[in-house]
Amino acid sequence: MVDYHAANNQSSAGGAQTYMGQEDAWDRDLLLDPAWEKQQRKTFTAWCNSHLRKAGTQIENIEEDFRDGLKLMLLLEVISGERLPKPERGKMRVHKINNVNKALDFIASKGVKLVSIGAEEIVDGNAKMTLGMIWTIILRFAIQDISVEETSAKEGLLLWCQRKTAPYKNVNVQNFHISWKDGLAFNALIHRHRPDLIDYDSLRKDDPVTNLNNAFEVAEKYLDIPKMLDAEDIVNTARPDEKAIMTYVSSYYHAFSGAQKAETAANRICKVLAVNQENEQMMEDYEKLASDLLEWIRRTIPWLENRTQEKTVNDMQAKQEDFRDYRCVHKPPKVQEKCQLEISFNTLQTKLRLSNRPAFMPSEGRMMGDINGAWHTLEGAEKGYEEWILSEIRRLERLEHLAEKFHQKAAIHECWTDGKEAMLTQKDYATSTLSEVKALLRKHEAFESDLAAHQDRVEQIAAIAQELNELDYYDSASVNARCQKICDQWDVLGALTHSRKESLERTEKQLETIDELYLEYAKRAAPFNNWMEGAMEDLQDMFIVHNIEEIQGLITAHEQFKSTLPEANKEREAIQSIQAQVQKIAQSNGIKLSGGNPYTSITPESIDTKWEKAMAMVPLRDTALQDELNKQNSNDSLRAKFATQANAVGAYIQEKMEEVGRISIEMNGTLEDQLTHLKEYQKTIMSYMPEINKLEGFHQHIQEALIFDNQYTSYSMEHLRVGWEQLLTTIARTINEVENQILTRDAKGISQEQLYEYRASFNHFDKDHSGALMAEEFKACLISLGYDVESDKQKRSGQMVSDDFRALLISTGNSLGDGEFTRIMGIVDPNGTGAVTFQAFIDFMSTETTDTDTADQVIASFKILAADKNYITADELRRELPPDQAEYCIARMAPYTGPDTIPGALDYMSFSTALYGESDL
């Protein structure tokens, strides 16, 4: 018993091609439908007779005429072209069974396993088994070998029907049953190949019987396809039998197989046009993306070059925040767009090279060099803008500090000069005694000493005002006015002081009595008082520091100041003791003191008050310095955090850059494996993005704290941003290179082993792992691959030298011919850089060892469609090509102007050469 149902999953002779799917398995229950069984009897009988009549016989009853096995063996010999074993001529049942078994064994030898069909059932005239056996024979010898665009058997036959009937209205072939009921599909197949036999436009969809009879009669009369079904059998059945329809349609396929040459030519043209259309779309996409990116750069650069100054630190910090938002939110998508633009450009150029098209030249101003140049200008503007913001913050901070210091010193000076003009202009010496005059003179000398001591403060005020002017302080006008008023008043005080001294000296001879103690007190009290005022001024002085060393320097100076306080207190007590001595003398001698010390306005009480005030300022100064020290310690902690993260990120970027460099030159697995590995590696790198964001957060805290230096790391945020962007661009570019190698391999038919050999040779001679070969390295690489260019004729014929000769070339150091090697370098290094990339190397090797479509081949294909004419018509293009590609050709072909032309003739020769550029003309 031969296993028939197993045929559903068996392959043909070599076991490599499955020709019968599960939906084609013989289902005995289907034969219970009388209409389908009737259709199969007619169709299978007619099909068998179409072959048996070649041997001068036929059958009448399919289950009866095959019982003895003789006609069954004859049928297999006719359709296979092979001889079967000699049949047995006896009339006994055993002879018949032996003959049928020989036929079934022959079927099984062709890779078909018959399930549940035995010779006894065929000999017994079992109709179901007989029809199942004939259907298996039809599948194996009439349908299995049908192949259309990499599909075979039933799917190939269905695709062939769809392709051939696509241009016809009211025809939509989706299956082998109801799609054929109206008969239009049969007529469309005949009209597509023999339009002279059928007037397709006269057929009506609502008259299926007429349509079917017309197709069957024309096929039988002109195409030698026997009538296998009656129109009524198809029309009167809700769902015609699929196997009957497939058998009938396969006869049409084989009848029209001679038209495959034209179809092949049309397919070649379709392929070429599809490539051209895809390239044009990629060019349009590149132009748009490049224009948008350049426009964004054009709008952004003026904003970054704006140097409008602000009045306060807060205003500049607002600008800094806007710039930070630009760097973190607006720029990253544009970085991705630039990377995608470069990838699209490289992919387009690779596709153009692979299809022998001229290289793509973007419109003026949109070349990758233009985009990179604009991007470089943008990054330069960014750097300049950030540096300007930081310098402006420092400048404004310095200005605010100077302005505060100016107004503080000016207030102290104005307080000191208040009333001094009135004092210097009074005439009290005119009615004073000699002692009083002498006292006034001494008092005036003390005032001159005080005036000289205040000279430094006036000079400091003028110097601060000058610095505010040089730093372009926004309120310089009010500062200059106040400074000018102080200087003018100072000049007046100097003149009045000189005038009063002259007046007192004129009366000095008349004044003899002087109180030495008052004079000593005044002389010592004045500088001490001035020292106290200076000390209080220093204790209230504003300070600004940027690191721990500076604040520690201020703390050290303050500690030194505090160390002088004991000596100063002794001086204060000594001055107070003078006043106490005066009081003691006066009391001892009964002297009534009228008024204060005539030589100075500095009283002991004012000294004590200032001393107490200065002593109260000391702990406040201690607290302020300690707070600043704490702040600088906090800033130092921020520096350390940033440095720790920056050092880790910098090391990570350096490590990944080196790993990407190694991956790009290593060969591990197939190109698809390498591409998958690279994409997974890219995901791993992108998963590190939170660490970058964490570093950005530390950087933001540092900027908010106005920290401008960091001794713990050599990395800056700008350097790490550039390194991160370079890492992302490098891995994306490496992925694109592998994708282009896959495109090259698939388009040129290069095997995986050849690619391995090319890569291994390339890496062997790439000693510095730069990804490119110098001229001498490239020459040695060609010799190692056995590429013989000493004989240009042999090279162009596609022949490679033998292994023995290859070894001889290597061992003897035989070099390539200078002329031939110059030609090759012109191909792989058209720009004359002296280096050959791996992609250029692969393009050259694939061009030298594989065949590609050329303009001549496309012209030959058009010539087939045009029936050997030198021109082609629009109707011929629409009939042979898909609608969109037919219209594409019609729109671009120039009118034919050669001899024997007709109206509407199109020039396909110039169109074909234009597809490949001027180089193929």
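Scroll up for the structure.
Residues numbered from 1 in each chain as written. Predicted model: local features only at pLDDT ≥ 70, side-chain atom pairs only at ≥ 80, totals over all residues. Heavy atoms only, no water.

Undergrad: Help me understand the overall build of the chain, please; the structure alone is not making it clear to me.
TA: Assigned secondary structure in the chain consists of 35 helices and six strands. Burial statistics for the chain: of 921 residues in total, 47% are counted as buried. Just so you have it, the chain exposes about 45200 Å², and 51% of that area is on carbon and sulfur atoms. (Helix = DSSP H or I, 4+ residues; strand = E, 2+ residues; numbered from the N terminus. Buried < 20%, exposed > 50% of the residue type's maximum accessible area, 1.4 Å probe, protein only. Areas by Shrake-Rupley, 256 points an atom, 1.4 Å probe, with all protein chains shown as cover.)

Undergrad: When you look at unusual backbone geometry in this model, what are you seeing that I'm missing?
TA: Phi is mostly negative for residues that are not glycine, and the peptide bonds are mostly trans. Here asparagine 356, not a glycine, exhibits a phi torsion of approximately 60 degrees, which is positive. With respect to the element layout, asparagine 356 can be found in the loop between helix H13 (313-354) and helix H14 (368-417). In this structure, alanine 867 takes a positive phi of about 55 degrees despite not being glycine. Locating alanine 867 in the fold gives a position in the loop between helix H32 (855-865) and helix H33 (874-880). Given a relative accessible area of 55%, alanine 867 falls into the exposed group.

Undergrad: Explain helix H17 (residues 455-470) to me, please; I cannot follow it from the model alone.
TA: The periodicity of an α-helix, 3.6 residues per turn, causes residues three or four positions apart to be oriented the same way. In this model, H17 (16 residues) spans 23 Å end to end at C-alpha, consistent with the 22 Å of a helix rising 1.5 Å per residue. Buried within H17 are the following residues: Arg457, Val458, Ile461, Ile464, Ala465 and Leu468. Down the axis of H17, the buried side of the element spans an arc of 125 degrees, and every buried residue falls inside it. Where H17 terminates, the next one or two residues include aspartate 472, which has phi positive at roughly 60 degrees. (Expected span 1.5 Å × (residues − 1). Arc of directions from axis to C-beta.)

Undergrad: Is there a simple way to think about the packing of aromatic side chains in this case?
TA: How two aromatic rings sit relative to each other is set out by the distance from centre to centre and by the angle between their planes. Applying the stated criterion to the full structure yields 32 aromatic pairs. On the basis of an interplanar angle of 35 degrees and a centroid distance of 5.3 Å, the ring pair of tyrosine 871 and tyrosine 896 is categorised as tilted. Of this pair, tyrosine 871 sits in the loop between H32 and H33 while tyrosine 896 sits in the loop between strand E5 (894-895) and strand E6 (906-907), and the two are 25 residues apart along the sequence. The two residues tyrosine 871 and tyrosine 896 agree in class, both being buried. An aromatic cluster of at least three residues, connected via ring pairs, comprises Phe176, Trp180, Phe186, Phe216, Tyr248, Tyr252 and Phe256. In this structure, lysine 779 is placed above the aromatic ring of phenylalanine 821, and the distance from its NZ or CZ to the ring centre is 4.8 Å. (Phe/Tyr/Trp six-rings, centres within 6.5 Å; stacked < 30°, edge-to-face > 60°. Lys NZ or Arg CZ within 6 Å of the ring centre and 35° of its normal.)

Undergrad: Any chance you could explain the pattern of salt bridges here in plain terms?
TA: Think of it this way: side chains of opposite charge can pair up when their charged atoms draw near. By the definition in use, this model includes 50 salt bridges. Notably, a salt bridge pairs arginine 721 with glutamate 718, separated by 3.8 Å at the nearest N-O pair. Separated by three residues within a single helix, arginine 721 and glutamate 718 lie in helix H25 (residues 717-748), roughly one turn from each other. Looking at arginine 721, the relative accessible area reads 14%, which means it is buried. The class of glutamate 718 is partly exposed, set by a relative accessible area of 24%. One salt-bridge network, in which partners are shared between bridges, spans Arg327, Lys331, Glu382, Glu386, Glu696, Glu718, Arg721 and Glu725. (Salt bridge = Lys/Arg side-chain N within 4 Å of Asp/Glu carboxyl O.)

Undergrad: What's the story with the packing of helix H3 (residues 70-80) against helix H4 (residues 93-109) in this structure? I'm lost.
TA: What describes two packed helices is the angle between their axes and the distance between those same axes. It is the contact of H3 with H4, at a shortest axis distance of 8 Å, that shows an interaxial angle of 25 degrees. With respect to each other, H3 and H4 are oriented roughly parallel. The handedness of the crossing between H3 and H4 is left-handed. Between H3 and H4, the residues in contact are Leu70, Leu72, Met73, Leu76 and Ser80 and Asn99, Val100, Lys102, Ala103, Phe106 and Ile107, respectively. For the contact of H3 with H4, the residue count by class is eight nonpolar, two polar and one charged. (Axes fitted to C-alpha atoms, helices over the stretch in contact; angles between N-to-C directions. Parallel < 35°, antiparallel > 145°, perpendicular 65-115°, else oblique. Left-handed = near helix turned anticlockwise from the far one by under 90°. Contact = heavy atoms within 4.5 Å. Nonpolar A, V, L, I, M, F, W, Y, C, P; charged D, E, K, R; others polar.)

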